[in-house]
Number of protein chains: 2
Amino acid sequence: MSQTDTDFTPTARTRVKRSHQRGHYDRETVYGILDAGLMCHVGYVIEGQPYVTPTAYWREGDKVYWHGSSASKMLRHLENGPRVCFTVALMDGLVLARSGFHTSVNYRSVIAMGVAEVIGGEAEKRASLEAMMERIVPGRWATLRPVTKQEIKATTVVSLKLEEVVAKVRSGPAIDDAEDMDLDVWAGVVPTATLVGVPEDNPDLKAGVTRPPNLAKIRIG
Amino acid sequence: MSQTDTDFTPTARTRVKRSHQRGHYDRETVYGILDAGLMCHVGYVIEGQPYVTPTAYWREGDKVYWHGSSASKMLRHLENGPRVCFTVALMDGLVLARSGFHTSVNYRSVIAMGVAEVIGGEAEKRASLEAMMERIVPGRWATLRPVTKQEIKATTVVSLKLEEVVAKVRSGPAIDDAEDMDLDVWAGVVPTATLVGVPEDNPDLKAGVTRPPNLAKIRIG
């Protein structure tokens, strides 16, 4: 059985104890959430202070990637090989119950823990950045001014192998106490989603350049 | 000058060094972002492993609050008074430049660091939970089955005073290199926002109960 067919193994850190039915360890669920999201939050510790940095990410195979300026405090710190926590959370709706206590949020989240690896080679960095753009706007990379050696050098790309991982999902309607079902209180779900709006041309757009059709392929959430 | 009129003071941890024009320390900017968001990511460290937990939050005055089950690993850990990082990030758009290097994301974020305080008294917890519901659906709390003593006891509420805080904002069009301006590449911004959809009635809704008009007041982002 190849690794991509194997469920993740819960650890003391990733096993969901309360509401355990919300925990998922199969790759289909984890990869599905990761491939829907665009922004992650990376947790790391410098001199005892936790930091949580939001940044864009993408997945390739059994790794997630993120990148930034080589001068970034986070990315310089990750070169030391510290443990990180990588979290993606997609909010799907407000769950409005008949009591405050059972009011909740529908969401899909992935939490992955481990040590991030800095991508070394220029070719590998270049390929990763292309993969990121393909995630955001399929087909756009080939239309852009090619990335330069200096730009590659000024960019740090890191990856985190997905090993210690848990997905958590809450979906469906409000679940109220039996004794509250006869109350005259509305209950239900107000769905939320990421809206991708109408593209806005740059004010300095060259005359005659029109919006490429691949903008319509952008999907987030 | 009251504290609410005072800017936050940058520290070595919160001073924005690169792209320093994106950093903001005034309360109007910080509070504006906090009052628009609904989900935060809380960072904390247990036995050397950073954790990043997504959860709902709300702001009252110069404090942010979040809550959960008293059995939650995060909330039990916060009773020890460790340092935390509280991050809110709202994605406003994809910034598609003429080169991969200048491709970016428009966003508003707040990062706050400090030690969270556990709210002790039943009345104070109750008032905080009401404030949370008022943030989500103004006017709904008074219509709900009142929260019980047992539910209050089963809920932990924590607050973080906003002291070491930075907001970061990127807005506006793509900014390309001067030598790329004549390329036949489309550049612009694809706006993103949180879509609040049409409320869905719970399948077990009592006959005759209709959607309250305050559902239309829900604003996120």
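Further up the page is the structure itself.
Since the model is a prediction, treat every value here as computed from it, not as a measurement.

Thoughts on the overall build of chain A
1) Next: For chain A, the helix and strand inventory stands at four helices and 11 strands.
2) Next: A principal-axis box enclosing the C-alpha atoms of chain A has dimensions of 65 × 50 × 40 Å.
3) Next: Expressed as a percentage of its 221 residues, the buried residues of chain A come to 51%.
4) Next: Considering only intrachain contacts with a sequence separation of at least 6, the fraction spanning at least 24 residues in chain A is 70%.
5) Next: Here chain A displays about 9800 Å² of accessible surface, and carbon together with sulfur accounts for 53% of that area.

Things to note about helix α3 (residues 122-136) of chain A
1) Next: Its 15 residues give α3 of chain A an end-to-end C-alpha distance of 21 Å, which sits within 8% of 21 Å, the value for a rise of 1.5 Å per residue.
2) Next: Three or more residues of α3 of chain A are buried, namely Lys125, Ser128, Leu129, Met132, Met133, Arg135 and Ile136 of chain A. The buried residues of α3 of chain A all sit within an arc of 155 degrees when viewed along its axis, so they share a single face.
3) Next: Among the structural elements, α1 (27-36), β3 (49-60), β4 (63-69), α4 (149-153) and β8 (155-161) of chain A together with β5 (83-96) of chain B are those in contact with the buried residues of α3 of chain A.

Describing the interface of chain B and chain A
In many analyses, interface size is given as the accessible surface area lost on bringing the parts together.
1) Next: Tallying the contact residues gives 86 residues for chain B and 86 residues for chain A.
2) Next: Together, the buried faces of chain B and chain A total about 7100 Å²; carbon and sulfur atoms form 64% of this surface.
3) Next: Here chain B and chain A share 10 salt bridges between them.
4) Next: Taken together, the connections running from chain B to chain A amount to 37 residue pairs in polar contact (both at pLDDT 80 or more).
5) Next: Those elements that place two or more of their residues in the side of chain B that touches chain A are β2 (39-46), β3 (49-60), β5, β6 (104-115), α3 (122-136), β10 (188-196) and β11 (200-201) of chain B.
6) Next: Counting residues per element, the side of chain B that touches chain A draws most heavily on β10 of chain B, which supplies nine residues.
7) Next: Among the residues forming the side of chain B that touches chain A, the class breakdown is 50 nonpolar, 19 polar and 17 charged.
8) Next: Where strand β10 (residues 188-196) of chain A lies against β11 of chain B, two bridges are found, and the strand directions are antiparallel. Across the sheet, Gly188 of chain A pairs through a bridge with Asp201 of chain B, a residue of β11 of chain B.

Side note on the packing of aromatic side chains
1) Next: Summed over the entire model, instances satisfying the criterion amount to eight aromatic pairs over all chains.
2) Next: Summarising the aromatic geometry, the rings of Tyr57 of chain B and Phe86 of chain B are spaced 5.3 Å apart at their centres and angled 85 degrees between planes, so their arrangement reads as edge-to-face. Taken together, the residues span a long stretch of sequence, with Tyr57 of chain B in strand β3 and Phe86 of chain B in strand β5 at a distance of 29 residues.
3) Next: The buried category is assigned to Tyr57 of chain B, whose relative accessible area is 1%.
4) Next: What makes Phe86 of chain B buried here is its relative accessible area of 0%.
5) Next: Judged by centre distance (5.6 Å) and plane angle (25 degrees), the ring pair of Trp66 of chain B and Phe86 of chain B falls under stacked. Linking Trp66 of chain B in strand β4 (residues 63-69) with Phe86 of chain B in strand β5, this pair joins segments that are 20 residues apart in sequence.
6) Next: Taking the relative accessible area as the measure of exposure, Trp66 of chain B reaches 0% and is therefore buried.
7) Next: Taken together, Tyr57, Trp66 and Phe86 of chain A form an aromatic cluster joined through their ring pairs.
8) Next: Here the guanidinium or amino end of Arg59 of chain A rests over the ring plane of Tyr31 of chain A, the centre of that ring lying 3.9 Å away.
9) Next: One residue, Arg27 of chain B, lies across the ring of Phe8 of chain B, its end atom 4.1 Å from the ring centre.

Describing the relation of the copies chain B and chain A
Here the two chain copies are tied together by a rotation about an axis and a shift along that axis.
1) Next: For the pair chain B and chain A, the relating rotation is 180 degrees, the translation along its axis is 0.0 Å, and the fit reaches an RMSD of 0.0 Å. Both copies are brought into coincidence by an operation consistent with a two-fold rotation axis.
2) Next: A shared interface surface links the copies, since 100% of the contact residues of chain B are contact residues in chain A too.

Description of the pairing of β4 of chain B
All names here are of chain B.
1) Next: Inspection of the sheet shows β3 paired to β4 by four bridges, in the antiparallel sense. Each residue of the ladder has a partner; that of Arg59, found in β4, is Val64.
2) Next: Hairpin geometry of β3 and β4 is characterised by an intervening segment of two residues between the two adjacent antiparallel strands and by a positive phi of about 60 degrees at Gly61.
3) Next: Both β4 and strand β8 (residues 155-161) contribute to a ladder of seven bridges, which runs antiparallel. Across the sheet, the residue bridging to Gly68 is Thr156, located in β8.

Focus: the environment of Gly61 of chain B
1) Next: You can see Gly61 of chain B is positioned in the loop between β3 and β4.
2) Next: Sequence separation of Gly61 of chain B and Leu162 of chain B is 101 residues, and the distance between their C-alpha atoms is 9.1 Å.

Observations concerning the environment of Glu79 of chain B
All names here are of chain B.
1) Next: Residue placement: Glu79 occurs in the loop between α2 (73-78) and β5.
2) Next: As a C-alpha pair, Glu79 and Gln21 span 58 residues in sequence and 37 Å in three-dimensional space.
3) Next: When residues no more than four places from it in sequence are discounted, the contact partners of Glu79 are Val118 and Thr156.

Criteria and thresholds
Residues numbered from 1 in each chain as written. Chains lettered and ligands numbered in written order. Predicted model: local features only at pLDDT ≥ 70, side-chain atom pairs only at ≥ 80, totals over all residues. Heavy atoms only, no water. Helix = DSSP H or I, 4+ residues; strand = E, 2+ residues; numbered from the N terminus. Buried < 20%, exposed > 50% of the residue type's maximum accessible area, 1.4 Å probe, protein only. Contact = heavy atoms within 4.5 Å. Areas by Shrake-Rupley, 256 points an atom, 1.4 Å probe, with all protein chains shown as cover. Expected span 1.5 Å × (residues − 1). Arc of directions from axis to C-beta. Buried area = accessible area lost by both parts, 1.4 Å probe. Salt bridge = Lys/Arg side-chain N within 4 Å of Asp/Glu carboxyl O. Polar contact = N/O pair within 3.5 Å; in protein donor to acceptor, adjacent residues only side chain to side chain. Nonpolar A, V, L, I, M, F, W, Y, C, P; charged D, E, K, R; others polar. Pairing = 2+ DSSP bridges. Phe/Tyr/Trp six-rings, centres within 6.5 Å; stacked < 30°, edge-to-face > 60°. Lys NZ or Arg CZ within 6 Å of the ring centre and 35° of its normal. Least-squares fit on C-alpha atoms with pLDDT ≥ 70 in both.

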